[in-house]
Amino acid sequence: QVQLVESGGGLVQPGGSLRLSCAASGSIFSSNNMGWYRRAPGKQRDLVAAMSIGGSTTYADSVKGRFTVSRDNAQNTVYLQMNSLKLEDTAVYYCNVGGTFFGGNYHRSSGSYWGQGTQVTVSS
């Protein structure tokens, strides 16, 4: 019955920044792993960043040094700070909660939850 709501997307020029939020219906991030995914037009949905229960983070090579995951357990919200945005970052971004985190990466499970996604468009 976990519900996730992503927000913060929008239109931004290359080099700009956005901060996405994933707000949960309850206090779940302190006890669940999560991952940020994105799906560009015509592409599969790929993991871009993740955070474990313990706070470990991992990033796809394409976003390392530009994206940062953070967590505010008190507000039941996880953030994705996106800096130095590129045209290829254009996608719908989703959060997924409740997967596993091992081998230095996040893995979805059948019991994990998806938000509805938020659109990020990087365009000049």
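Everything that follows concerns the structure shown earlier in this document.
Scope of this entry: the structure provided in the associated data block. The structure presented is a predicted model; accordingly, all values stated were derived computationally and were not measured.

Conventions adopted
Residues numbered from 1 in each chain as written. Predicted model: local features only at pLDDT ≥ 70, side-chain atom pairs only at ≥ 80, totals over all residues. Heavy atoms only, no water. Helix = DSSP H or I, 4+ residues; strand = E, 2+ residues; numbered from the N terminus. Rg over C-alpha atoms; globule rule 2.2 N^0.38 Å. Buried < 20%, exposed > 50% of the residue type's maximum accessible area, 1.4 Å probe, protein only. Contact = heavy atoms within 4.5 Å. Areas by Shrake-Rupley, 256 points an atom, 1.4 Å probe, with all protein chains shown as cover. Lys, Arg positive; Asp, Glu negative; His and termini not counted. Charge placed at Lys NZ, Arg CZ, Asp CG, Glu CD. Phe/Tyr/Trp six-rings, centres within 6.5 Å; stacked < 30°, edge-to-face > 60°. Pairing = 2+ DSSP bridges. Axes fitted to C-alpha atoms, helices over the stretch in contact; angles between N-to-C directions. Disulfide = S-S within 2.5 Å. Core = buried A, V, L, I, M, F, W, Y, C linked by side-chain atoms within 4.5 Å.

**Regarding the overall build of the protein**
Thought 1: If you tally the helices and strands in the protein, you get zero helices and 13 strands.
Thought 2: Secondary structure elements of the protein occur, N-terminal to C-terminal, as β-β-β-β-β-β-β-β-β-β-β-β-β.
Thought 3: Computed over its C-alpha atoms, the radius of gyration of the protein comes to 13 Å, within 12% of the 14 Å expected for a compact globule of 124 residues.
Thought 4: Along the longest, intermediate and shortest principal axes, the C-alpha atoms of the protein span 40 × 30 × 25 Å.
Thought 5: A burial count over the protein gives 44% of its 124 residues as buried.
Thought 6: Restricting to contacts in the protein with at least 6 residues of sequence separation, those with at least 24 account for 57%.
Thought 7: Accessible area of the protein: about 6,200 Å², with a carbon and sulfur share of 44%.
Thought 8: Side-chain charges in the protein split into 10 positive and 6 negative, and the spacing between the mean points of these groups amounts to 2 Å.

**Some words on the packing of aromatic side chains**
Thought 1: Enumeration over the complete set of coordinates arrives at three aromatic pairs.
Thought 2: Where Tyr-37 meets Tyr-106, the ring centres are 6.3 Å apart and the plane angle is 70°; that geometry is what we call edge-to-face. Pair noted here: Tyr-37 is in strand β4 (residues 34-39) and Tyr-106 is in strand β11 (residues 105-107), with a separation of 69 residues, a long-range link.
Thought 3: Seen from their ring centres, Tyr-94 and Trp-114 are 6.1 Å apart, and the 85° between their planes marks the pair as edge-to-face. With Tyr-94 in strand β9 (residues 91-97) and Trp-114 in strand β12 (residues 113-114), this pair connects stretches of sequence that are 20 residues apart.
Thought 4: According to the relative accessible area criterion, Tyr-94 is buried, its value standing at 8%.

**Some points on the sheet that holds strand β3 (residues 18-24)**
Thought 1: An order of β1-β3-β8-β7 is seen for the four strands of this open sheet, with the pairing classed as antiparallel. Edge positions in the sheet fall to β1 (4-7) and β7 (67-72), since each of these pairs with one other strand and no more. Strand after strand, the sheet turns through a mean of 15° between neighbouring axes, direction not considered.
Thought 2: With six bridges connecting them, β3 and strand β8 (residues 77-82) associate as antiparallel partners. Within the sheet, the bridge partner assigned to Ala-23 lies in β8 and is Thr-77.

**Section: the state of the cysteines**
Thought 1: Using the criterion set out here, one finds one disulfide in the structure.
Thought 2: Residue pairing for Cys-22: its cysteine sulfur links by disulfide to Cys-95, the two sulfurs lying 2.0 Å apart. Between Cys-22 and Cys-95, the S-S torsion sits near 60°, and that sign places the bridge as right-handed. In this pair, Cys-22 sits in strand β3 while Cys-95 sits in strand β9, placing the two residues 73 residues apart along the sequence. Cys-95 shares its class with Cys-22; the two are buried.

**Focus on the nonpolar core**
Thought 1: In this structure, Phe-29, Met-34, Trp-36, Val-69, Leu-80, Met-82 and Tyr-93 are the most contacted members of the largest nonpolar core, which totals 28 residues.
Thought 2: Apart from the residues lying within four places of it in its own chain, the contact partners of Phe-29 are Leu-4, Cys-22, Ala-24, Met-34, Arg-71, Asn-73, Asn-76, Thr-77, Val-78 and Val-97.

**Some remarks on the side chain of Thr-58**
Thought 1: Relative to the helices and strands, Thr-58 resides in strand β6 (residues 57-59).
Thought 2: The class of Thr-58 is buried, set by a relative accessible area of 15%.
Thought 3: Those residues in contact with Thr-58 that lie beyond four places of it in its chain are Val-48, Ala-49, Ala-50, Phe-101, Gly-104, Asn-105 and Tyr-106.

By themselves, these observations are geometric and do not establish any function.
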